[in-house]
Amino acid sequence: MAEQINTTSYKPNLEVYSETLQRLAETDRNIIAVTSDSRGSGKLVPFGKRFPQQIVEVGIAEQNLVGVAAGLASCNKKVFATSPACFLTARALEQIKNDVAYSNNPVNVIGISAGVSYGALGTTHHSLHDFAALRAINNIIVAAPADNWETEQAIELAAKTELPVYLRFGKKPMPFLKEAADEIFAFGKGRIITEGDAIAIIACGETVLPALEAAALLQEENIAATVVSMHTIKPLDTELLSAVARKCQAILTVEEHSIYGGLGEACAAYLLQQGMGKPFKIMGIPDEYTVTGSQGDIFTHYGISKAGIAEAAKTLIGTTIQEQN
Amino acid sequence: MTVKELKQKSAEYRKRILKYIVKAKAGHTGGSLSCTDILNVLYNGIMNVFPENFSSPDRDRYIQSKGHTVEALFVVLADKGFFPEEDLNTLCQYQSHYIGHPTRKVNGVEQNTGALGHGLPIAVGTAIAGKLDRKDYNVYTLLGDGELPEGSNWEAALTAAHYKLDNLCAIIDKNSLQITAPTADVCNTDPLDEKWKSFGWAVKEVDGNDVEALRKVLHQHPFEAGKPSLLIAHTTKGKGVSYMENVLKWHHGVPSEAEYEQAIKELDQVLKTL
């Protein structure tokens, strides 16, 4: 049963990232943040003040940021290379590919203010390609935690994981999606937030919130939706995906990313190759010059909203695969 | 090791580099021959890195930014006992770890390289870790002069000086030729000494094919306390084989059987006169 969500009383995941990193650094001097004049936007100013020996500032130089992080990680440092996702995963993509993933230097690449978080600052500051680019690179986990709990868990796990990890965070305060007391967080294991068998809405990062709000709206019309927080894009939780696909009449994916190459296409490719055809729609940012405005404006424009997702869900439920064609 | 022994090593290394390039029918011949003496001196007297201590956090690190001249690195690592030399018979073959660029699947290789402009940033991170951990190791990285237009080098150069990384020594194999033309004609990066000095590095120059001079200058690292060291090693591309020296086509040319025999004859002659 989907419930109404309090959207105002929680922190941006970025703040939780910083707090978690500080907590880990209190007992582990090998925790190192590497920044590219990004400690402010990464909420790492308190970290830098408390642990000046554990922050490496390279200036605005993202390629160098990732290379330096790789060198540090090769010396057993638990490195969190922190920079806006837009620059980190475009300008420094080759360093992520070679120095981190290919060389297996277990850097935690932290893309901050991801997706369209920077809103009206425009396309230079948007990262709508990062899932696609990093999914095609071997040996890196790709994840977008949704709420504060997932964020805290992901950071703690990333610090322990001996594999390269990419995590992306937005700036919006995010409520807890549900009570998580009895859950164990793992990369590659999605979370069912609410269950229903009419439609599965599979989302990640900050789009899980409107997905969940849409589920509540649908519930008012007696349409029961499953909402999954598929925080890990790679490796994809194919077991969970198969289970919800078997159960639900239709599948809708929602992401703050290009409709190409992200969560939606990952789900579609898996289900198609398993012969599990269902009415299926990918919601995200279409392949066009992104509309200008705030993150909220952009979400609303492309239907990544309570009403937009609910509307898309209803349309999809009433559609057969043949009609989709 | 005496100077004579070092010179013998260099000639032997050059023979083996050519042997395996001919066998693989591929390789970066000219650049491997230009940097042979630098690798020889680093691994035979300068660096504290051996198969026995390769997993020690206290070892010196060598990161080859100009990854394409991997044949020189592989030959030296085999000689140091990191792996049996006969493994190099599989160079560039199906499923071999011995590919055309350094990979960590080969014992003794610190970092996977090949894309240019990557070695120095990684070396800077490795050197910062050494400072943070108060360790005494040094980090050496070898750059080609042709890769210097990559902007990441200059980003890392700034960081190295900012953090006063006098445990870092970058060596430029300045053979002055790259795949298209002389480096000065492709994108002139001279004067290198002034550029690096202005970036906050302590700079020295050396004949990069003179093992005695190389050993002397590398023993002086750090060239200045509180500054990263930059050694401009003036080398000859194709060094040691008369018809290859300073000839563009040997960037990745593979000798014919007759050419190979002539090269070996010339290097044997060098060995005889030592």
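None of the values given here were measured: they were computed from a predicted structure.

1. Remarks on the overall build of chain B
So, point 1. Tallying secondary structure elements over chain B gives nine helices and five strands in all.
So, point 2. Listing the helices and strands of chain B from first to last along the sequence gives α-α-β-α-α-β-α-β-α-α-β-α-β-α.
So, point 3. In terms of overall dimensions, chain B has a C-alpha envelope of 50 × 45 × 40 Å along the principal axes.
So, point 4. Of all 274 residues assigned to chain B, the portion counted as buried reaches 52%.
So, point 5. Long-range contacts, defined as pairs at least 24 residues apart, comprise 77% of the intrachain contacts of chain B with a sequence gap of at least 6.

2. Remarks on the interface of chain B and chain A
So, point 1. The interface of chain B with chain A comprises 20 residues on the first partner and 22 residues on the second.
So, point 2. Taken together, the elements giving at least two residues each to the side of chain B that touches chain A come down to helix H4 (119-132) and helix H5 (151-162) of chain B.
So, point 3. Sort the elements by how many residues they give to the side of chain B that touches chain A and H4(B) lands first, with nine residues.
So, point 4. Class assignment for the residues of the side of chain B that touches chain A results in 11 nonpolar, seven polar and two charged.

3. Some remarks on the domain arrangement of chain A
All names here are of chain A.
So, point 1. Taken domain by domain, chain A holds domain 1 (13-168) and domain 2 (191-319).
So, point 2. The C-alpha-based centres of domain 1 and domain 2 are spaced at 26 Å.
So, point 3. Taken together, the contact pairs 21 residues of domain 1 with 24 residues of domain 2.
So, point 4. Taken together, the elements giving at least two residues each to the side of domain 1 that touches domain 2 come down to helix H6 (130-135) and strand S5 (141-143).
So, point 5. Partitioning the side of domain 1 that touches domain 2 into residue classes produces 11 nonpolar, seven polar and three charged.

4. Things to note about the confidence of the model for chain B
So, point 1. This prediction gives chain B a mean pLDDT of 97; 100% of its residues lie at or above 70.
So, point 2. ipTM for the predicted complex: 0.96, alongside a pTM of 0.96.

5. Considering the environment of A:Phe51
All names here are of chain A.
So, point 1. One can find Phe-51 in the loop between helix H2 (45-50) and strand S2 (55-57).
So, point 2. Taking the number of C-beta atoms within 10 Å as the measure of exposure, Phe-51 has 18 and is therefore partly exposed.
So, point 3. A sequence separation of 18 residues divides Phe-51 from Ala-33, and the C-alpha atoms of the two residues are 9.6 Å apart.

6. A few points about the packing of helix H2 (residues 29-46) of chain B against helix H8 (residues 211-218) of chain B
All names here are of chain B.
So, point 1. Close contact between H2 and H8 brings their axes to 9 Å; oriented N to C, the two are set at 55 degrees. In terms of their interaxial angle, H2 and H8 are classed as oblique. Here H2 runs over H8; the crossing is right-handed. Together, Asp-37, Ile-38, Asn-40, Val-41, Gly-45 and Ile-46 of H2 and Val-211, Leu-214, Arg-215 and Leu-218 of H8 make up the contact between the two elements.
So, point 2. The class makeup of the residues in the contact of H2 with H8 is six nonpolar, two polar and two charged.

7. Thoughts on the pairing of strand S1 (residues 31-35) of chain A
Residues and elements named next belong to chain A.
So, point 1. For S1, the tally of buried residues reaches five of five residues, placing the bulk of the element in the interior.
So, point 2. Burial of the side chains of S1 extends over both faces: Ile-31, Ala-33 and Thr-35 are buried on one face and Ile-32 and Val-34 on the other.
So, point 3. Sheet topology note: the S1/strand S3 (residues 78-84) ladder contains five bridges and is parallel. In the strand pairing of S3, Ile-31 is matched with Lys-78.
So, point 4. Taken together, S1, H2 and S2 constitute a β-α-β crossover, and its handedness is right-handed.

8. Regarding unusual backbone geometry
So, point 1. That bond from A:Lys234 to A:Pro235 is cis: its omega, 0 degrees, falls within 30 degrees of zero.
So, point 2. Within the secondary structure layout, A:Pro235 lies in the loop between strand S10 (232-234) and helix H9 (238-247).
So, point 3. A cis geometry characterises the amide bond from B:Asp190 onward to B:Pro191, with omega recorded as 0 degrees.
So, point 4. In this structure, A:Asn222 takes a positive phi of about 60 degrees despite not being glycine.

9. With respect to helix H3 (residues 62-73) of chain A
Residues and elements named next belong to chain A.
So, point 1. Compared with the 16 Å implied by 1.5 Å per residue over 12 residues, the 16 Å span of H3 between its first and last C-alpha is a close match.
So, point 2. When you tally the buried positions in H3, you get 12 out of 12 residues, the bulk of the element.
So, point 3. Restricting attention to buried positions, one finds in H3 the residues Glu-62, Gln-63, Asn-64, Leu-65, Val-66, Gly-67, Val-68, Ala-69, Ala-70, Gly-71, Leu-72 and Ala-73.

10. Details of the environment of A:Ala214
Residues and elements named next belong to chain A.
So, point 1. For Ala-214, the location among the structural elements is in helix H8 (residues 208-220).
So, point 2. Sequence separation between Ala-214 and Val-116 is 98 residues, and the spatial gap between their C-alpha atoms is 20 Å.
So, point 3. When residues no more than four places from it in sequence are discounted, the contact partners of Ala-214 are Ile-201, Lys-306, Ile-309, Ala-310 and Ala-313.

11. Quick look at the sheet that holds strand S9 (residues 225-229) of chain A
All names here are of chain A.
So, point 1. Read from one edge to the other, the open sheet built from five strands follows the order S7-S9-S8-S11-S12, with strand pairing classed as mixed. In the strand order of this sheet, the two ends are held by strand S7 (191-194) and strand S12 (280-285), each with one partner. With strand direction ignored, the average angle separating the axes of adjacent strands in the sheet is 25 degrees.
So, point 2. As paired elements, strand S11 (residues 250-258) and S12 share five bridges and run parallel to each other. Residue pairing across strands places Val-254 opposite Met-283, the latter belonging to S12.
So, point 3. Of the strands in this sheet, strand S8 (199-203), S9, S11 and S12 are in contact with helix H12 (residues 306-317), which crosses S11 at around 145 degrees.

12. Section: the nonpolar core
One recurring pattern in soluble globular proteins is that nonpolar side chains are buried together.
Residues and elements named next belong to chain A.
So, point 1. Core analysis: the largest hydrophobic core is formed by 182 residues, its most contacted members being Val-34, Ala-69, Ile-201 and Ala-313.
So, point 2. Two domains each donate at least three residues to this core, and these are domain 1 (13-168) and domain 2 (191-319).
So, point 3. Residues contacting Ile-201, with those up to four places away along its chain left out, are Ala-211, Ala-214, Ala-215, Ala-225, Thr-226, Val-227, Leu-252, Val-254, Ile-309 and Ala-313.

13. Some remarks on the pairing of S9(A)
Residue and element names in this part refer to chain A.
So, point 1. Most of S9 is tucked away: five of the five residues are buried.
So, point 2. By the alternation rule, side chains of S9 split into Ala-225, Val-227 and Ser-229 and Thr-226 and Val-228, which are all buried.
So, point 3. Where S7 lies against S9, three bridges are found, and the strand directions are antiparallel. Bridge pairing in S9 places Arg-191 opposite Ser-229.
So, point 4. As defined by bridge partners, S8 adjoins S9 across five bridges and the pair is classed as parallel.

14. Details of H12(A)
Residue and element names in this part refer to chain A.
So, point 1. Spanning 12 residues, H12 covers 17 Å between terminal C-alpha atoms, matching the ideal 16 Å at 1.5 Å per step.
So, point 2. Within the span of H12, buried status applies to Ile-309, Ala-310, Ala-312, Ala-313 and Leu-316. The buried residues of H12 occupy an angular sector of 165 degrees when projected down its axis, which confines them to one face.
So, point 3. Each element contacted by the buried residues of H12 is listed here: S8, H8, S9, S11 and S12.

Procedures and definitions
Residues numbered from 1 in each chain as written. Chains lettered and ligands numbered in written order. Predicted model: local features only at pLDDT ≥ 70, side-chain atom pairs only at ≥ 80, totals over all residues. Helix = DSSP H or I, 4+ residues; strand = E, 2+ residues; numbered from the N terminus. Buried ≥ 20, exposed ≤ 12 C-beta atoms within 10 Å, placed from the backbone. Contact = placed C-beta atoms within 7 Å. Nonpolar A, V, L, I, M, F, W, Y, C, P; charged D, E, K, R; others polar. Domains from an automatic or database assignment. pLDDT = per-residue confidence, 0-100. Axes fitted to C-alpha atoms, helices over the stretch in contact; angles between N-to-C directions. Parallel < 35°, antiparallel > 145°, perpendicular 65-115°, else oblique. Left-handed = near helix turned anticlockwise from the far one by under 90°. Pairing = 2+ DSSP bridges. Right-handed = clockwise from strand over helix to strand, strands pointing away. Expected span 1.5 Å × (residues − 1). Core = buried A, V, L, I, M, F, W, Y, C linked by C-beta atoms within 7 Å. Arc of directions from axis to C-beta.

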